[in-house]
Amino acid sequence: MLSSLGGLSGLGIVPFVLGGGVAVVFLFPGSVVMTAAGAAFGLGRGFAAAQVAASAGAALAFLVSRYVARSRVERWVRSKPAFSSLDEAVGVAGWKLVLLTRCCPVFPYVFQNYAYGLTRVSFSHYAFGSFIGLVPATLLFVYVGSLGRAGAEAVSGQAGSAEVAFQLLGFAATVAATVYVTRISRQALRKAGI
C-alpha cells in the first residue's frame, strides 16, 4: 500500500495526510504514521506529509478534548500526577511549554493532544507549539522510514551505495540533534517543576 501511495506522486500525500491526521485522533501512534510517510514518500515529501498529518491530528484531538469529550478526558488526565504541574505551568508559559513537552514528552504525544485540551492554553498557542515541537520527532521517524525505502532501492539497484551512506550519515546527525534537543527540553521542564 505504501508503494502505491508513493507512486501517486503528490496526489498520494493528500489521502495520507487526511488518514494520518484522523489516525492520531483515534490514538494511533504518530511514530508509525511518521515512519510510514518516510517509507512512502522519501525524506523531503515524507517529512512534509508527516508534519502536516501529525499537527492536524494533534489539533483535532485538542478540539475534541476541549469541546466534545471533555468529561471523559478529564477522568483519564486527572489520574496523572504530572498533569497538575503541567496545567499550572502552561497557564504561564503557553506555547513555550507545549513546545518543550513535545520535544521531551512528559507522557506520550497522543495523550498530550487530549490533555492540552483541558488546560488554559489557547488553541493558537497549542497549535504553534505543537507544530514546532513535533519537528525533531517527525524528522527522526520519517528518516527511519526513508532509510528503509533507500535500502530497498539499493537492493533493487535503483540507488547507489554512496546515496545510502549519505542518508545514514544524515540519520546519525538527526539522532544526535534530537537527543540534544530532548536533553535541553528535559532540563527546562525540570526547572519548571514538571
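Residues numbered from 1 in each chain as written. Predicted model: local features only at pLDDT ≥ 70, side-chain atom pairs only at ≥ 80, totals over all residues. Heavy atoms only, no water.

Digging into helix α7 (residues 109-116)
Consideration 1: Most of α7 is tucked away, with six of its eight residues classed as buried.
Consideration 2: Taken together, the buried positions of α7 are Val-110, Gln-112, Asn-113, Tyr-114, Ala-115 and Tyr-116. (Buried < 20%, exposed > 50% of the residue type's maximum accessible area, 1.4 Å probe, protein only. Helix = DSSP H or I, 4+ residues; strand = E, 2+ residues; numbered from the N terminus.)

Section: the packing of helix α6 (residues 95-103) against α7
Angle between the axes and distance between the axes are the two parameters that describe a pair of packed helices.
Consideration 1: Between α6 and α7, the least distance of the axes is 10 Å, while the angle of their chain directions is 160°. As far as their axial angle goes, α7 and α6 are roughly antiparallel. Judged by the twist between their axes, the crossing of α6 over α7 is right-handed. Here Leu-97, Val-98, Thr-101 and Arg-102 of α6 come into contact with α7, specifically with Tyr-109, Gln-112, Asn-113 and Tyr-116.
Consideration 2: Looking at the contact of α6 with α7 residue by residue, the classes come out as four nonpolar, three polar and one charged. (Axes fitted to C-alpha atoms, helices over the stretch in contact; angles between N-to-C directions. Parallel < 35°, antiparallel > 145°, perpendicular 65-115°, else oblique. Left-handed = near helix turned anticlockwise from the far one by under 90°. Contact = heavy atoms within 4.5 Å. Nonpolar A, V, L, I, M, F, W, Y, C, P; charged D, E, K, R; others polar.)

Details of unusual backbone geometry
Consideration 1: The backbone phi angle of Leu-27 is positive, close to 65°, even though this residue is not glycine.
Consideration 2: Position of Leu-27 among the secondary structure elements: in the loop between α2 (10-25) and α3 (30-67).
Consideration 3: On the basis of relative accessibility, which here comes to 41%, the residue Leu-27 falls in the partly exposed class.

Comments concerning the environment of Ala-127
Consideration 1: Here Ala-127 shows up in helix α8 (residues 123-133).
Consideration 2: In sequence terms Ala-127 and Val-98 are 29 residues apart; their C-alpha atoms lie 8.8 Å from each other.

Brief notes about a nonpolar patch on the surface
Consideration 1: On the surface, Leu-63, Tyr-67, Val-68 and Phe-123 cluster together into a nonpolar patch covering about 420 Å² of accessible area.
Consideration 2: By secondary structure assignment, the location of Val-68 is in the loop between α3 and α4 (70-78). (Patch = residues over 30% accessible without salt bridge, like charges linked within 9 Å, V, L, I, M, F, W, Y side chains within 5 Å. Areas by Shrake-Rupley, 256 points an atom, 1.4 Å probe, with all protein chains shown as cover. Salt bridge = Lys/Arg side-chain N within 4 Å of Asp/Glu carboxyl O.)

Examining the side chain of Gln-51
Consideration 1: Tracing the sequence through the fold places Gln-51 in helix α3.
Consideration 2: Within the structure, Gln-51 has its side chain in polar contact with the backbone oxygen of Phe-131 (distance 2.5 Å).
Consideration 3: When neighbours within four sequence positions are excluded, Gln-51 is seen to be in contact with Phe-131, Leu-134, Val-135 and Thr-138. (Polar contact = N/O pair within 3.5 Å; in protein donor to acceptor, adjacent residues only side chain to side chain.)

Points about the nonpolar core
Consideration 1: Counting residues in each nonpolar core, the largest one holds 16 residues, and the members touching the most others are Phe-16, Phe-41 and Ala-49.
Consideration 2: Sorting the residues of this core by element identifies α2 and α3 as the ones contributing at least two each.
Consideration 3: Element by element, the count of residues in this core is highest for α3, at 10 residues.
Consideration 4: In this structure, Leu-97, Val-98, Tyr-116 and Val-121 belong to the second largest nonpolar core, which totals seven residues. (Core = buried A, V, L, I, M, F, W, Y, C linked by side-chain atoms within 4.5 Å.)

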